[in-house]
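# Examination of the molecular architecture
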Amino acid sequence: RIPEATVGRLPVYQRILEELLRSGTTTVSSELLGSLARVNAAKVRKDLSLLGSFGTRGAGYDTSFLVAQIDRELGLDYVWPMVIVGMGNLGRALAHSHGFIARGFQVMALLDTDPKIIGEEVGEVVVRHLDALPDIVADQPLAIGVIATPASAAQGVADLLVESGVHSLLNFAPKVLTVGPEILLRYVDLSIELQIMSFYQSRRSTPGSDVMPVIRSIGLTSANLD
């Protein structure tokens, strides 16, 4: 079992490695990767050892091979069909994100309840009414549901997603959701992130204050990645 703290660091390592590849770096040491990720080299080696033994002492890691191994461990060698519920500014921005396709996430459905939006095409996907969700899932099983609705609608949307068979939820709404223990639920709440930044910002001038954290997962379910 890979610890949640390590899972939270793997995408950061991956992003760094991809940038190194684009710059022509074909091998990378744990010291360099740790320096760029702001963690110590021993922690990098421990994290990567959980994926397998493919580092060479004195030579480091093959950058391209390491990216492929992290992709495999993160499940990015699959295509994960998604539904986005809520076609406000945030939902539209997510629907237009090219990062989803690049990472193996495919937006298969867009849902809303506003009659003015139903039938509109966003990112080559036609917006349908939320009531169509059970039929959509019957035709195309969906792996992930993204909730980008106002807080007042989020719990009802989560309930409908779960009832329709979508058991992995990514919630952008500023609302703590109640779901069963079998549901994978992650939060992305920018207001929480700003409050955490406020905490560290207010202590910047305090003598002996800790180094500012760099790597952390986002939201209420985040693990301690120190």
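Structure: above.
A short tour of the structure in this document, coming up.

Reading the values: the criteria
Residues numbered from 1 in each chain as written. Predicted model: local features only at pLDDT ≥ 70, side-chain atom pairs only at ≥ 80, totals over all residues. Heavy atoms only, no water. Phe/Tyr/Trp six-rings, centres within 6.5 Å; stacked < 30°, edge-to-face > 60°. Buried < 20%, exposed > 50% of the residue type's maximum accessible area, 1.4 Å probe, protein only. Helix = DSSP H or I, 4+ residues; strand = E, 2+ residues; numbered from the N terminus. Arc of directions from axis to C-beta. Polar contact = N/O pair within 3.5 Å; in protein donor to acceptor, adjacent residues only side chain to side chain. Axes fitted to C-alpha atoms, helices over the stretch in contact; angles between N-to-C directions. Parallel < 35°, antiparallel > 145°, perpendicular 65-115°, else oblique. Left-handed = near helix turned anticlockwise from the far one by under 90°. Contact = heavy atoms within 4.5 Å. Nonpolar A, V, L, I, M, F, W, Y, C, P; charged D, E, K, R; others polar. Salt bridge = Lys/Arg side-chain N within 4 Å of Asp/Glu carboxyl O. Pairing = 2+ DSSP bridges.

## With respect to the packing of aromatic side chains
The full count for this structure, using the stated rule, is two aromatic pairs. Relative to Trp-80, the ring of Tyr-78 has its centre 5.5 Å away and its plane inclined at 45 degrees; by these criteria the two rings are tilted. Note on Tyr-78: relative accessible area 52%, which makes it exposed. The exposure class of Trp-80 is partly exposed, given its relative accessible area of 32%. When the centroid spacing of 5.0 Å and the interplanar angle of 90 degrees are considered together, the rings of Phe-199 and Tyr-200 count as edge-to-face. On the basis of relative accessible area, Phe-199 is assigned to the partly exposed category, the value being 40%. A residue is classified by how much of its surface remains accessible, and Tyr-200, at 26% relative accessible area, is partly exposed.

## A look at helix α4 (residues 63-73)
Every buried residue of α4 is accounted for by Thr-63, Leu-66, Val-67, Gln-69 and Ile-70. Looking straight down α4, one finds its buried side chains confined to an arc of 165 degrees; they lie on one side. By the N-cap criterion, in which a side-chain oxygen at the helix start approaches the backbone nitrogen of a residue two or three places on, α4 is capped by Asp-62, the distance to Ser-64 being 3.2 Å. Gly-75 sits one or two residues past α4 and shows a positive phi near 80 degrees.

## Some words on unusual backbone geometry
Across the chain, the bulk of peptide bonds are trans and the bulk of non-glycine residues have phi less than zero. A positive phi angle is found at Arg-38, which is not glycine, with a value near 65 degrees. Relative to the assigned elements, Arg-38 resides in the loop between α2 (30-37) and α3 (41-49). Positioned with a positive phi, Glu-124 is a non-glycine residue whose angle comes to about 75 degrees. Take Glu-124: it is sitting in the loop between β5 (121-122) and β6 (125-129).

## Comments concerning the packing of helix α1 (residues 4-22) against α4
α4 packs onto α1 with a crossing angle of 150 degrees between their chain directions and a minimal axis gap of 9 Å. In terms of orientation, α1 lies roughly antiparallel with respect to α4. Viewed along their axes, α1 and α4 form a crossing whose handedness is left-handed. Of α4, the residues touching α1 (which contributes Leu-10, Tyr-13, Gln-14, Leu-17, Glu-18, Leu-20 and Leu-21) are Thr-63, Ser-64, Leu-66, Val-67, Ile-70, Asp-71 and Glu-73. In the contact of α1 with α4, the residues fall into eight nonpolar, three polar and three charged.

## Some words on the pattern of salt bridges
Pairs can form between side chains of opposite charge whenever their charged atoms are close. Counted by the stated rule, this structure contains five salt bridges. Between Glu-4 and Arg-186 there is a salt bridge, with its nearest N and O atoms 3.1 Å apart. Separated by 182 residues along the polypeptide, Glu-4 in helix α1 and Arg-186 in strand β9 (residues 184-187) bring together distant segments of the chain. Take Glu-4: its relative accessible area is 37%, and that puts it in the partly exposed class. Residue Glu-73 pairs with Arg-72 through a salt bridge whose shortest N-O separation is 3.7 Å.

## Side note on the side chain of Asn-171
Inspection of the secondary structure puts Asn-171 in strand β8 (residues 168-171). Within the local environment of Asn-171, its side chain forms a polar contact with the backbone nitrogen of Ala-173, the two atoms lying 3.0 Å apart. A polar contact of 3.0 Å, which involves the side chain of Asn-171, links it to the backbone oxygen of Lys-175. Excluding its chain neighbours within four sequence positions, the residues that come into contact with Asn-171 are Ile-147, Ala-154, Leu-177, Leu-185, Arg-186, Tyr-187 and Val-188.

## Observations concerning the pairing of strand β3 (residues 80-85)
On a regular strand, one side chain projects to one face of the sheet and the next to the other, so that they alternate. Of all six residues in β3, five are buried, a share of seventy percent or more. Inspection of the sheet shows β3 paired to strand β7 (residues 144-147) by four bridges, in the parallel sense. Bridged to Ile-84 within β7 is Val-146.

## Let's talk about the packing of α2 against α3
At a minimum axis distance of 8 Å, the contact between α2 and α3 shows a crossing angle of 105 degrees. Classified by the angle between their axes, α2 and α3 sit roughly perpendicular to one another. Residue-level inspection shows Ser-30, Glu-31, Leu-33 and Gly-34 of α2 in contact with α3, the latter providing Ala-41, Val-44, Arg-45 and Leu-48. Split into classes, the residues belonging to the contact of α2 with α3 amount to four nonpolar, two polar and two charged.

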